[in-house]
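The residues making up each chain are set out below.
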Amino acid sequence: MTRSTAVIGALVRRALNELTRVPGAALPGVLAPSIFLVGLSGVFGEAARLPGFDATDFRTFIVPVGLLQGAAFTGAATGVNLARDIERGWFDRLMVCPAPRVTILVGLVASAALRALLPATFLLIVAFALGVDWPGAGALAIDALLVMGLATAMALYAVLVALRFKTQQAAPLMQTVGFMAVLFTTAYAPMDLLAGWMRAIATVNPVTQVLDGVRQGFVAHVTWAETWPALLATVGLVGALGALAVRSMRRVGV
Amino acid sequence: MLTGIAAPSWALAARTLRNILRRPQFLAPLVLMPTLFLAINTGGLHRSTDLPGFPEVDGFLDFQLAGAMTQSLLLGGVMQGIGTALEIEGGFFDRLVASPIPRVSIVLGRILAGTAIAAAQVVWFLILGAVFGVSFHGGALGVLLVILIGAIAGTGFAALGVLIALRARNASTVQGIFPLVFVVLFVSSAFFPRALLEAPADWFADINPLSYVADGMRDPIISGISATPVLEGLAAAAGLVLVFAALAVLALRGRLRDA
């Protein structure tokens, strides 16, 4: 257990070092959610005037989307970095180290959970500076948990893609899925205002539950009825994608 | 001289296209992501056409189609940038530099490949629009104009991708510009009418060439062919090519000088 923790810690530290060693690569991922917040509210802000919109301000409505987008980007970045390590041969060396592959996988994706807090923090600073109301410490704690959970799920998916294609050119495949998982929800408008087919997708997309859990503190109050489906959806995503990623890791080099 | 540049440029463009077509799964995100975005925008905000001040359109999809094309073309530029950066990282670029071909061909080959991909991207969205009921008010000539503006703009974005790759020299930095694609799109009229954008996005949209590219492609779709938006679209697209191709060639020279 202690040895596994040491391996995980080392892999997390290595991933976090990327932030300082290659800041040019990390910076866009940190800035992107804030850019989306400002951009989407500038472009689609008038949509909040449509009858049936349950938030008076589109910016407040869209902040939770930015938080989850940051998580999705961070997860994808983990996969891109893994693909780079595979291309350069570093991953082969990692595979011959005497550590369980599950431990290595946890080390790879744990960094995503921590790194996801960086764009989230930056986004919240920008949002509050632009006049978004403070949702309360409890709501932000739940948001942090859900953001870290979604980043972990997306990192597991990105690891799957990296192990399958073994090249950084697969980066768009990693980014696209996470991005769309966040947006095929009630991201832009309340459920009642979505087109019928979009409403059907948003209803079955588990990220809708996560988004509702993150959004509750911004548009109303935190309730257990909104929180537990979000937690359940996050655990379900991590569990399902984690099982696939473990299977994929165990097949490397076999 | 022209033949001396054209032949290796064509050869390198053909090589790039062959490489891309060998792994078409990497081409898919160029159209897949904007297609999904198109679906999300249309599905989530289809009631926006009810807003006062929204132009007369048959549907929100008709309006959004040009925005999706513009987004796709920008992503095409990112892909060409990643491809160039990987050639730099892998050493192929150095071998090209050492080979007896005009060095400008190294840049032009990649950019020309971008032109072909861009035309195909625009055709994809035109077919998609037709399938989902978009009525092309400009007719066949309008469709050809949309492809022309898109292909020229895509050439400019490919040049921008090459320029960034030559400066950054690594693929992870180039792929990191992916979110910035949305920045330039958000401060344009690609997704929403300029009159309904909030400040300061509306101000940026007025000076953003992407607005003119998107409006130039949109006009033949939603309202027939009007000289002003089409000519502005062509001029903006041509301007992008001239500026970014020239900067890419200068970046190449700078890189060779550093080496």
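Definitions and limits used
- Note on numbering: residues in each chain are counted from 1, in written sequence order.
- Note on labels: chains are lettered from A, ligands numbered from 1, in written order.
- Residue-level local features of this predicted model are given only where pLDDT is at least 70; pairs of side-chain atoms are given and counted only at 80 or more, and the full residue set underlies all totals for whole chains, interfaces and linings.
- Numbering of helices and strands runs from the N terminus, with a helix taken as a DSSP run of H or I at least four residues long and a strand as a DSSP run of E at least two residues long.
- As defined in this context, the radius of gyration uses C-alpha atoms, and a globule is described by 2.2 Å times the residue total to the power 0.38.
- In this scheme every C-beta is placed from the backbone, and a residue whose C-beta has 20 or more other C-beta atoms within 10 Å is buried, one with 12 or fewer is exposed, and one in between is partly exposed.
- The contact criterion used here is simple: two residues whose C-beta atoms, placed from the backbone, lie within 7 Å are in contact.
- Residue polarity is assigned by list, with Asp, Glu, Lys and Arg as charged and Ala, Val, Leu, Ile, Met, Phe, Trp, Tyr, Cys and Pro as nonpolar; anything else, Gly included, falls into the polar class.
- In this analysis, axes come from line fits to C-alpha atoms, helices being fitted only over the stretch in contact, and the angle between any two N-to-C directions falls in the range 0 to 180 degrees.
- Relative orientations are named as follows: roughly parallel for angles under 35 degrees, roughly antiparallel for angles over 145 degrees, roughly perpendicular for angles from 65 to 115 degrees, and oblique for any other angle.
- Note on convention: near helix rotated counterclockwise from far helix by under a right angle means a left-handed crossing. Clockwise means right-handed.
- Each helix should span, by expectation, one fewer than its residue count multiplied by 1.5 Å.
- As used here, the arc belongs to the directions running from the helix axis to the C-beta atoms.
- Note on scores: pLDDT gives the predictor's confidence for each residue, bounded by 0 and 100.

**Q** Looking at this structure, how should I read the overall build of chain A?
**A** For chain A, the helix and strand inventory stands at eleven helices and zero strands. Beginning at the N terminus, the succession of helices and strands in chain A can be written as α-α-α-α-α-α-α-α-α-α-α. A compact globule built from 254 residues would reach a C-alpha radius of gyration of about 18 Å, and chain A, at 18 Å, matches this within 12%. In terms of overall dimensions, chain A has a C-alpha envelope of 60 × 35 × 35 Å along the principal axes. In chain A, which comprises 254 residues, the share counted as buried stands at 55%. Long-range pairs, those at least 24 residues apart, make up 81% of the contacts in chain A with a sequence separation of at least 6.

**Q** Would you mind going over the overall build of chain B with me for this structure?
**A** Scanning chain B for helices and strands turns up eleven helices and zero strands. Ordered by position from N to C terminus, the α and β elements of chain B give α-α-α-α-α-α-α-α-α-α-α. Taken against the 2.2 N^0.38 rule, which gives 18 Å for 259 residues, the C-alpha radius of gyration of chain B at 19 Å falls within 12% of a compact globule. Each of the three principal axes of chain B carries a C-alpha extent, and together these read 60 × 35 × 35 Å. Relative to its full complement of 259 residues, chain B shows a buried share of 53%. For chain B, the proportion of contacts with a sequence separation of at least 24, taken over those separated by at least 6, is 80%.

**Q** I would appreciate a short explanation of the interface of chain A and chain B in the present structure.
**A** Reports often express the size of an interface as the amount of accessible area lost when the parts come together. If you look at the interface, chain A gives 40 residues, while chain B gives 35 residues. Elements that contribute at least two residues to the side of chain A that touches chain B include exactly α2 (23-44), α3 (58-88), α8 (171-183) and α9 (196-204) of chain A. Split by residue class, the side of chain A that touches chain B holds 28 nonpolar, nine polar and three charged.

**Q** What is the right way to read unusual backbone geometry from this model?
**A** Trans peptide bonds make up most of the peptide bonds, and negative phi angles are found at most residues other than glycine. In this chain, B:Ala199 is followed by B:Pro200 through a cis amide linkage whose omega measures 5°. Examined against the element boundaries, B:Pro200 turns out to sit in the loop between α8 (178-186) and α9 (201-207). In this structure, A:Lys166 takes a positive phi of about 55° despite not being glycine. Here A:Lys166 is to be found in the loop between α7 (137-165) and α8.

**Q** Can you walk me through the packing of helix α5 (residues 101-115) of chain A against α7(A) in this structure?
**A** Helix packing for two helices is described by the angle between their axes and how far apart those axes are. Residue and element names in this part refer to chain A. Contact geometry of α5 with α7 gives a least axis separation of 8 Å together with a crossing angle of 135°. Of the possible angle classes, the one that applies to α5 and α7 is oblique. Crossing of α5 over α7 shows right-handed handedness. Contacts between α5 and α7 involve Leu105, Leu108, Val109, Ala112 and Ala113 from the former and Met148, Ala151, Thr152, Ala155, Leu156 and Val159 from the latter. Classifying every residue of the contact of α5 with α7 gives ten nonpolar, one polar and no charged.

**Q** What is the right way to read the packing of helix α3 (residues 60-90) of chain B against helix α5 (residues 104-131) of chain B from this model?
**A** All names here are of chain B. Two numbers describe how α3 lies on α5: the axes approach to 9 Å, and their chain directions differ by 150°. In terms of axis orientation, α3 runs roughly antiparallel to α5. Our pair here, α3 against α5, has a crossing hand that is right-handed. Within the contact between the two elements, α3 uses Leu65, Ala68, Met69, Ser72, Leu73, Gly76, Gly77, Gln80, Gly83 and Thr84 and α5 uses Arg110, Ala113, Gly114, Ile117, Ala118, Gln121, Val122, Phe125 and Gly129.

**Q** Help me understand helix α6 (residues 117-129) of chain A in this model?
**A** Every α-helix carries 3.6 residues per turn, so stepping three or four residues along brings you back to the same face. Residues and elements named next belong to chain A. Compared with the 18 Å implied by 1.5 Å per residue over 13 residues, the 18 Å span of α6 between its first and last C-alpha is a close match. Looking only at α6, the buried set comprises Pro119, Ala120, Leu123, Leu124 and Ala127. Taken down its axis, α6 places every buried residue within 135° of arc, on the same side. Facing away from the buried side of α6, by more than 90 degrees, are the exposed residues Ile125 and Ala129.

**Q** What exactly am I supposed to notice about the environment of B:Val146 here?
**A** All names here are of chain B. Following the sequence through the fold, Val146 ends up in helix α6 (residues 139-168). Overall, the presence of 28 C-beta atoms within 10 Å leaves Val146 in the buried class. Distance in space between the C-alpha atoms of Val146 and Val213 is 9.5 Å, their sequence separation being 67 residues. Excluding residues within four positions of it along the chain, Val146 makes contact with Val122, Leu126, Met217, Pro220 and Ile221.

**Q** Looking at this model, I keep getting lost on the confidence of the model for chain B. Mind explaining?
**A** Low pLDDT means the predicted coordinates in that region are not meant to be read closely. Mean pLDDT for chain B: 88, with 98% of residues reaching 70 or above. Among the scores for the predicted complex, ipTM is 0.71 and pTM is 0.77.

**Q** What exactly am I supposed to notice about the environment of A:Leu118 here?
**A** Residue and element names in this part refer to chain A. Assignment of secondary structure puts Leu118 in helix α6. Judged by the 16 C-beta atoms lying within 10 Å of it, Leu118 is partly exposed. Between the alpha carbons of Leu118 and Gly70 there is a distance of 8.5 Å; along the sequence they are 48 residues apart.

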